[in-house]
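Understanding the architecture of this molecule
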Amino acid sequence: MAPTALLSVSNKEGLVPLAEGLLEAGYQLISSGGTAAALKAAGLEVTKVAEHTGAPEILGGRVKTLHPRIHGGILARRCEPSHQADLEAQGIAPIDVVVVNLYPFRETVANPEVAFDTAIENIDIGGPAMVRAAAKNHADVVVLTSPSQYEPFLECLRTGAISAALRRQLALEAFQHTASYDTAISSWLAAQLAGAAELPSAVAAPLRLELPARQSLRYGENPHQQATWHSEPAAGWGAAVQLQGKELSYNNLIDLDAALATVREFGYGPGAQPAAVVVKHTNPCGVAIGHSGAAALSRALDADRLSAFGGIVAINCVVDLATAELLTSLFLECVVAPGFDGPALERLATKANLRLLELNPAAIAMASRRQLRTLLGGVLVQELDDQPVDGAAWQVVSERQPTAQELDDLGFAWKLARHVRSNAITVAKGGQSLGIGAGQMNRVGSARLALEAAGDRARGAVLASDGFFPFDDTVRLAAGQGITAVIQPGGSVRDADSITACNALGLAMVVTGRRHFLH
Ligand SMILES: NC(=O)c1ncn([C@@H]2O[C@H](COP(=O)(O)O)[C@@H](O)[C@H]2O)c1NC=O
């Protein structure tokens with residue numbers, strides 16, 4: 001009996017040459033409706049599945065190949081006498097090669113306007129059943145799931161090199177293919193159920209991630225740690241284009257992400273108030289707005305020149321020559337911006353190692369708002385803390401009202417505080433950070449660092465705290481250094497102590513009612 005190949009493909013690319021190769025090698029072909037039509041149109045001999053099974057395709061194609069004559073033919077073990085006896089008793093012919101690619105579900109739901117029912121109809125049922133059956137019985141059956149496998153397979157067929165190892169490798173690829181297909185369906189359905197929110201609230205669905213490897217990294221946080229970067233291909237950092245510079249490192253990416261999140265507080269791309277951020281070890285060390293990108297960058301660098309050395313920079317507008325000149329005036333690791341103009345690129349090329357990344361605002365908007373963090377043996381998932389600051393909910397709790405200038409400064413300092421590791425204290429004035437205290441185990445410790453960095457510049461500046469003041473020590477310290485207004489979430493059992501201190505020392509205090517820890 002001639003060996004049999006079953007072909008049932010949505011993507012007809014490469015189908016005809018594959019079928020010709022199979023026919024040349026002596027196979028007879030069976031195909032579902034559309035595939036058989038394509039083969040007949042090419043003048044090739046093929047039997048329709050419906051003729052082979054004696055059962056017509058029904059339910060508009062929902063049932064085509066789901067039949068014992070198909071699945072018996074694929075799943076029967078050749079070395080198992082009882083299986084062979086079953087085939088004989090039922091008059092079922094074995095199927096030796098299965099070529100299937102699935103309904104284009106991912107492509108269908110990539111269109112955000114797609115109707116729910118259209119997406120559902122594009123969930124392939126019979127295809128995965130055949131792929132899984134063939135992969136399970138790879139000891140006797142070859143399974144092909146992608147046109148890219150056809151040519152190498154034909155080469156092996158011609159040379160008689162279809163080994164057990166090859167069949168096993170193809171089975172692995174087949175199971176990876178169906179697993180990834182099911183992940184796409186369940187992720188889409190979870191998003192539909194959750195409405196706009198990406199996180200199912202009450203009943204958390206199991207987390208399934210399908211992120212292609214974007215690039216292997218030289219190493220992880222340290223040279224003895226291996227690392228790779230996985231990313232959605234067209235969203236967020238996956239869409240970033242590296243225009244020049246050394247290979248990106250693991251730490252560069254983490255710092256770039258922190259810098260980008262901070263600069264986005266001021267908008268990103270056309271129409272945004274120009275802003276620049278310098279990050280070191282995930283914390284901003286200089287942040288400023290300005291009338292131009294160059295002005296903002298110059299002020300961000302001035303905020304803390306010592307820390308800026310070797311920094312990671314994010315700018316929220318197109319980098320021009322003036323900005324590029326500042327960027328080349330000191331050693332920096334990376335720069336991300338929505339764009340770089342020609343003269344800027346020419347100037348930046350003089351610093352060949354400096355990594356330049358162009359990331360457009362549309363790609364940022366497409367990125368998931370889920371934030372993942374690993375624990376030993378598990379993952380924590382939360383929404384990003386990226387909602388715009390809502391000043392309407394703020395309350396002045398001190399006797400003195402903040403001036404309009406102080407209110408502006410408090411808004412600026414507050415925007416930064418959530419991008420600094422807790423306990424976070426920021427000191428700012430006139431749209432420029434002056435001192436940032438990060439990651440201390442007590443709040444007043446972070447305040448000391450921020451005020452020390454600000455030095456004399458703290459006089460007349462404001463101070464923000466990402467969490468409430470547990471004691472009045474931070475307010476007293478701040479007042480002693482010349483801070484005139486503070487902003488904090490409020491909610492401590494000792495809030496009254498801090499408010500009393502503000503009143504006694506003439507400070508204005510605003511409470512936001514919202515905490516912004518960053519761990
Ligand atoms: N329902 C079935 O029995 C069934 N059998 C095969 N398919 C799919 O139908 C497609 C091929 O259809 P056609 O040959 O009619 O163009 C393939 O993507 C294949 O995976 C099916 N479709 C959906 O489940």
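Cut-off values and rules
- Residues numbered from 1 in each chain as written.
- Predicted model: local features only at pLDDT ≥ 70, side-chain atom pairs only at ≥ 80, totals over all residues.
- Domains from an automatic or database assignment.
- Contact = placed C-beta atoms within 7 Å.
- Helix = DSSP H or I, 4+ residues; strand = E, 2+ residues; numbered from the N terminus.
- Nonpolar A, V, L, I, M, F, W, Y, C, P; charged D, E, K, R; others polar.
- Near = placed C-beta within 6 Å.
- Axes fitted to C-alpha atoms, helices over the stretch in contact; angles between N-to-C directions.
- Parallel < 35°, antiparallel > 145°, perpendicular 65-115°, else oblique.
- Left-handed = near helix turned anticlockwise from the far one by under 90°.
- UniProt positions renumbered as here; feature names shortened; annotations may be inferred.
- Buried ≥ 20, exposed ≤ 12 C-beta atoms within 10 Å, placed from the backbone.
- Pairing = 2+ DSSP bridges.
- Core = buried A, V, L, I, M, F, W, Y, C linked by C-beta atoms within 7 Å.
- Right-handed = clockwise from strand over helix to strand, strands pointing away.

Here the focus is the domain arrangement of the protein. Split by domain assignment, the protein resolves into domain 1 (4-191), domain 2 (237-366) and domain 3 (391-511). Contact residues are listed per partner, giving 15 residues for domain 2 and 12 residues for domain 3. Those elements that place two or more of their residues in the side of domain 2 that touches domain 3 are α11 (250-263), β10 (283-289) and α12 (293-303). Considering each element in turn, the side of domain 2 that touches domain 3 owes the most residues, 7 residues, to β10. A per-class count over the side of domain 2 that touches domain 3 returns 8 nonpolar, 4 polar and 3 charged.

On to the site of the ligand. Neighbouring residues of the ligand: 21 residues in total, closest S32, G34, T35, G126 and G127. A class-by-class count of the residues in the shell around the ligand yields 7 nonpolar, 11 polar and 3 charged.

Let's shift gears to the packing of helix α8 (residues 126-136) against helix α10 (residues 164-193). Packing of α8 against α10 leaves a shortest axis separation of 9 Å and a crossing angle of 150°. It follows that α8 is roughly antiparallel to α10 by the angle criterion. The two elements α8 and α10 meet at a crossing, and its hand is left-handed. Contacts between α8 and α10 involve P128, V131, R132, A134 and A135 from the first element and A171, A174, F175, H177, T178 and Y181 from the second. Of the residues that constitute the contact of α8 with α10, the class distribution is 8 nonpolar, 2 polar and 1 charged.

Right, let's get into the environment of A272. Mapped onto the elements of the fold, A272 is located in the loop between α11 and β9 (275-280). Distance in space between the C-alpha atoms of A272 and N316 is 7.1 Å, their sequence separation being 44 residues. In this structure, A272 is in contact with F266, G267, N316 and C317, ignoring residues within four places of it in sequence.

The UniProt record marks residues 1-145 with the feature "domain: MGS-like" (unreviewed entry), using the residue numbering of this structure. The straight-line gap between the two end C-alpha atoms of residues 1-145 is 25 Å; of that span, 44% is helix and 14% is strand.

Helix α20 (residues 495-505) packs onto helix α19 (residues 473-480) with a crossing angle of 20° between their chain directions and a minimal axis gap of 8 Å. As judged from the angle between their axes, α19 and α20 are roughly parallel. The way α19 lies across α20 gives a crossing that is right-handed. Judged by residue contacts, V475, R476 and A479 of α19 engage S498, A501, C502 and L505 from α20. When grouped by side-chain class, the residues that make up the contact of α19 with α20 number 5 nonpolar, 1 polar and 1 charged.

A few words now on the environment of E221. Structurally, E221 is set in the loop between β6 (213-217) and β7 (227-230). Given 11 C-beta atoms within 10 Å, E221 falls into the exposed group. It is 32 Å that separates the C-alpha atoms of E221 and D341, two residues lying 120 residues apart in sequence. Here E221 is in contact with Y250 and N251, once residues within four sequence places are set aside.

Next up on the list: the sheet that holds strand β3 (residues 47-48). Pairing in this open sheet of 5 strands is parallel, and the strands run β3-β2-β1-β4-β5 from one edge to the other. One side of each edge strand has no neighbouring strand; the edge strands of this open sheet are β3 and β5 (142-144). Judged from the 3 bridges that link them, strand β4 (residues 97-101) and β5 form a sheet pairing that is parallel. Residue pairing for β5: V98 is matched across the bridge by V143. Contacts between α8 and the sheet are confined to β1 (4-9), β4 and β5, with β4 contributing the most and set at about 145° to the helix.

For the rest of this paragraph, the subject is the nonpolar core. Counting 89 residues, the largest nonpolar core has A259, V277, V313, A413, V427 and V486 as its most contacted members. Three or more residues apiece are contributed to this core by two domains, here domain 2 (237-366) and domain 3 (391-511). Core analysis: the next-biggest nonpolar cluster, separate from the first, contains 38 residues, V99, V100, L102 and M130 among them.

Attention now moves to the environment of A55. Here A55 is to be found in the loop between α3 (49-53) and α4 (68-75). Spatially, the C-alpha atoms of A55 and L66 are 9.8 Å apart, while their sequence positions differ by 11 residues. Once residues within four sequence positions are removed from consideration, A55 is found in contact with A50 and H67.

For strand β12 (residues 332-337), a buried count of 6 out of 6 residues is recorded, marking the element as mostly surrounded by other parts of the structure. Here strand β11 (residues 311-315) pairs with β12 via 4 bridges, running parallel. In the sheet register, G311 faces β12, and the bridge partner there is L332. Once you follow β11 into helix α14 (residues 321-327) and on to β12, the crossover reads as right-handed. Each parallel crossover has a hand, and the one from β12 via helix α15 (residues 342-348) to strand β13 (residues 355-358) is right-handed.

Negative phi is the rule for most residues except glycine; trans is the rule for most peptide bonds. Across the junction of S422 and N423, the peptide omega takes the value -10°, indicating a cis bond. Positive phi is not limited to glycine here, since L59 has a value of about 55°. Positionally, L59 belongs in the loop between α3 and α4. Residue L59 is classed as exposed on the basis of its C-beta count, with 7 C-beta atoms lying within 10 Å. With phi around 50°, H281 is a residue other than glycine that occupies positive phi space. Mapped onto the elements, H281 comes out in the loop between β9 and β10. What makes H281 partly exposed here is the crowd of 16 C-beta atoms within 10 Å.

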